[in-house]
Amino acid sequence: MSSVRSVVTPEKLLRPEVLALHAYHVPPASGMIKLDAMENPYLLPQTLREDIARLVADAEINRYPDAAARELKTAIGKVTNLPPGMDILLGNGSDEIIQLLALAVTRPGAVLLSVEPSFVMYRMIATFTGMRYVGVPLTDDFSLDLDATLDTIKREQPALVFLAYPNNPTGNLFDADTVLKIIQAAPGLVVVDEAYYAFASDSFIPHLAHYDNLLVMRTFSKLGMAGLRLGFLAGRATWLSQLEKLRLPYNVGVLPQLVATRLLAHHDVLLTQAEDIKLERTRLLATLDAISGVRAYPSAANFILFRVEKATQIFEGLKQRGVLIKNLNGGHPALIDCLRVTIGTPAENERFVSALKDCLHSI
Ligand code: PMP
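What counts and what doesn't
- Residues numbered from 1 in each chain as written.
- Predicted model: local features only at pLDDT ≥ 70, side-chain atom pairs only at ≥ 80, totals over all residues.
- Heavy atoms only, no water.
- Near = heavy atom within 4 Å.
- Polar contact = N/O pair within 3.5 Å; in protein donor to acceptor, adjacent residues only side chain to side chain.
- Areas by Shrake-Rupley, 256 points an atom, 1.4 Å probe, with all protein chains shown as cover.
- Nonpolar A, V, L, I, M, F, W, Y, C, P; charged D, E, K, R; others polar.
- Domains from an automatic or database assignment.
- Buried area = accessible area lost by both parts, 1.4 Å probe.
- Salt bridge = Lys/Arg side-chain N within 4 Å of Asp/Glu carboxyl O.
- Helix = DSSP H or I, 4+ residues; strand = E, 2+ residues; numbered from the N terminus.
- Pairing = 2+ DSSP bridges.
- Contact = heavy atoms within 4.5 Å.
- Axes fitted to C-alpha atoms, helices over the stretch in contact; angles between N-to-C directions.
- Buried < 20%, exposed > 50% of the residue type's maximum accessible area, 1.4 Å probe, protein only.
- Arc of directions from axis to C-beta.

**Things to note about the site of the ligand**
Taken together, 14 residues lie near the ligand, and Ser94, Asp193, Tyr196, Thr219 and Ser221 sit nearest. The separation between an oxygen atom of the ligand and a polar side-chain atom of asparagine 168 is 2.8 Å. For the ligand, whose unbound accessible area comes to 400 Å², protein coverage reaches 93%. In the shell around the ligand, the residues fall into 5 nonpolar, 5 polar and 4 charged.

This is the structure:
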């Protein structure tokens, strides 16, 4: 006689830390001016798009991709100026690389340390990989608090430290000497997350050769390839060959490999778009600064953080007017009344500014 088993529910089966999580929220954006996710707003030149169409038409999508992604890695190596002896590991977006790093070091009590406020996936991934997350508050102007960070590192002995350079969602570039002191003091790996490198004036890639616990992570998402999902980790082969064991064999598909390789051959096109975005950033910052009631923070990335009274109402008002940005109010105590806008095209930015002014008058 078969015994009747009791009902299996997620509450009974899943780990409490998973049940307590909220999924990363991606709001619908159809028909909106989309300034919420740090995407590059520009399309590629027509000739390059046609080139890619031909490439995709001939792609062997009946085959698995090259698991080692040799051509793509060579293309990345060329545009990245890696110091000799450094290797690359590819991820399906850099989110996947954060997860892979956490999986590699997790064990009971292992700590992932970052700063607050910063990229929310550091905490989220620490939580679901069973690591203990520790966040060190930034100072009031969103700088690194060196003493507090060093004290916390000494106390918590983190296996993994993540520093976003420039930082998201604050947009600032931390002081490089302070970051170096943190790298020197950390007992484990320090990952400098350069997701926004294309809009910043500095990088830790040249430092890779000097620090045995440093890794640099980048993504091509902000440079015009968000839809391809492609990130990479650069560092010493001693680390990367170990981490490779955790990378799922075909994590970067045939089409992303082909298209990204071709796009990187036209890196100059993407960099020119990034330069245009930087010019717009300067213009938008000045415009926001001139609006009374708005406090905009300087940015080395492709977005601007700003503070405004009744931020959530402003956010909703912008949405009603067809402009989607990111509401950070309520997410972290240091981000009360903060909103984040991605730099769009000049026309999109104008639409955003006029909608914002409209909201400020009517709320
Ligand atoms: N790091 C930082 C600091 C980010 O802001 C983001 C995306 N918002 C990522 C990593 C992840 O980017 P992706 O997975 O698209 O490569």
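**Focus: the domain arrangement of the chain**
In terms of domains, the chain is made up of domain 1 (10-45 + 268-362) and domain 2 (60-265). Relative to domain 2, the C-alpha centre of domain 1 lies at a distance of 23 Å. Of the roughly 2,400 Å² buried where domain 1 meets domain 2, counting both sides, 70% is carbon and sulfur surface. Between domain 1 and domain 2 we count 0 salt bridges in total. Put simply, the parts of the chain that give the side of domain 1 that touches domain 2 at least two residues each are helix H11 (267-289) and strand S10 (303-308). In terms of residue count, H11 provides more of the side of domain 1 that touches domain 2 than any other element does, 6 residues in total. Here the side of domain 1 that touches domain 2 is built from residues that sort into 19 nonpolar, 5 polar and 7 charged.

**A closer look at the sheet that holds S10**
Taken in spatial order, the 4 strands line up as S9-S10-S13-S12 in an open sheet, and their pairing is antiparallel. Every other strand in the sheet has two partners, leaving strand S9 (294-296) and strand S12 (326-327) as the edge strands with one partner each. As judged from the 3 bridges shared by S9 and S10, these two strands associate in the antiparallel manner. Across the sheet, valine 294 pairs through a bridge with valine 308, a residue of S10. Strands S10, S12 and strand S13 (338-342) of the sheet are contacted by helix H12 (residues 311-320), whose axis makes an angle of about 35 degrees with S13. Against the sheet, helix H13 (residues 346-362) contacts S9, S10 and S13, and its axis sits at roughly 5 degrees relative to S10.

**Describing helix H7 (residues 146-156)**
All of the buried residues along H7 are Thr149, Thr152, Ile153 and Glu156. For H7, the arc enclosing every buried residue in end-on projection is 100 degrees, short of the 170-degree limit, so these residues lie on one face. Away from its buried face, by an angle of more than 90 degrees, H7 presents the exposed residues Asp147, Lys154 and Arg155. The inward-facing, buried residues of H7 contact strand S3 (111-116), strand S4 (132-137) and helix H8 (176-185). Note on H7: the residue one or two positions beyond its end, glutamine 157, has a positive phi of about 45 degrees.

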